[in-house]
Amino acid sequence: MAARAALAVLLMLAAATAGAQVYKWRDDKGVTHFSDTPPPASARQAAELKTYASGAALPVLPAALQALVRDHPVTLYTTTECGACNLGRAQLRKRGIPYSEKTVLTAADMEALKRAGSIGRLPLLVIGSARQVGYDQATWDEALNAAGYPAQSVLPSSYAQGAPAPAAPPPPSAISGTSGTADAPSDAQRAAAANGRPATDSRPAPANAPPGFRF
């Protein structure tokens, strides 16, 4: 049995060379399993996830949280000098909500925002198929609760939030071109969108805001 288990693991590692993820978990009988799909919610402990293409260990979400991220992914749309965006980001982090952040800095980003469910108002919180336009702590909490997310953080201590990305990623030609233009925001602009500077919702739109933007 031990030899068969070892062989199964080796075969799985070989199949993961293209960057596949392998999950290790124990069931309620204490039996250890290896699979290329997330463990069931009944797993006794959080899975141990690694990407064997690079050999780097990644922080792993508890099984129940993995299911929520799969079925009700959370996406936050933000921009620079947006106090409401800062408050929304802080709320998600305090609750331990895994989310992806999309920054709106260009006209193309604005079009992506509109397709996501907002005519130009930020922040926009997307939870699965639900949309919350603008920031309101109570309303956001209700939406997260309705999706099943825990009220208190259960994230592992090793978890790190991913970096923000443009709502509409520029084409390869724009990435290799000169940064800092209206179509290709500079690294400084992207960093500002990630951290934001305190601002009130009544402030005028930033100078670099795309057409149609409003808090």
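Values in this document were obtained by computation on a predicted structure and should not be read as measured data. (Residues numbered from 1 in each chain as written. Predicted model: local features only at pLDDT ≥ 70, side-chain atom pairs only at ≥ 80, totals over all residues. Heavy atoms only, no water.)

**Some remarks on the sheet that holds strand S9 (residues 165-166)**
Two orientations exist for strands paired in a sheet by backbone hydrogen bonds: parallel and antiparallel. Pairing within the open sheet is mixed, and its 5 strands lie in the order S8-S7-S5-S6-S9. Each edge of the sheet is formed by a strand with only one pairing partner; in this case those strands are strand S8 (130-133) and S9. Note: strand S5 (residues 74-78) against strand S7 (residues 124-127), 4 bridges, orientation antiparallel. Paired with Tyr 77 across the strands is Leu 124, a residue of S7. Lying on the sheet, helix H5 (residues 137-147) is in contact with S5, S7 and S8; it crosses S7 at an angle near 15°. (Pairing = 2+ DSSP bridges. Helix = DSSP H or I, 4+ residues; strand = E, 2+ residues; numbered from the N terminus. Contact = heavy atoms within 4.5 Å. Axes fitted to C-alpha atoms, helices over the stretch in contact; angles between N-to-C directions.)

**Comments concerning the pairing of S7**
Side chains Leu 124 and Val 126 project from S7 onto one buried face, and the interleaved Leu 125 and Ile 127 project onto a second face that is buried too. Where S7 and S8 come together, 4 bridges link them in antiparallel fashion. When the bridges of S8 are listed, Val 126 appears paired with Arg 131. If you look at the hairpin formed by S7 and S8, you'll find 2 residues sitting between the two strands, and Gly 128 has a positive phi there, around 65°. (Buried < 20%, exposed > 50% of the residue type's maximum accessible area, 1.4 Å probe, protein only.)

**Here we look at the confidence of the model for the protein**
Summarising the model, the protein shows a mean pLDDT of 75, and 55% of its residues fall at 70 or more. A low-confidence stretch, residues 13-20 (pLDDT under 50), is modelled with 12 contacts involving residues beyond four sequence positions or located in other chains. Between residues 196-202, whose pLDDT stays under 50, and residues either more than four places distant or in other chains, the model counts 12 contacts. (pLDDT = per-residue confidence, 0-100.)

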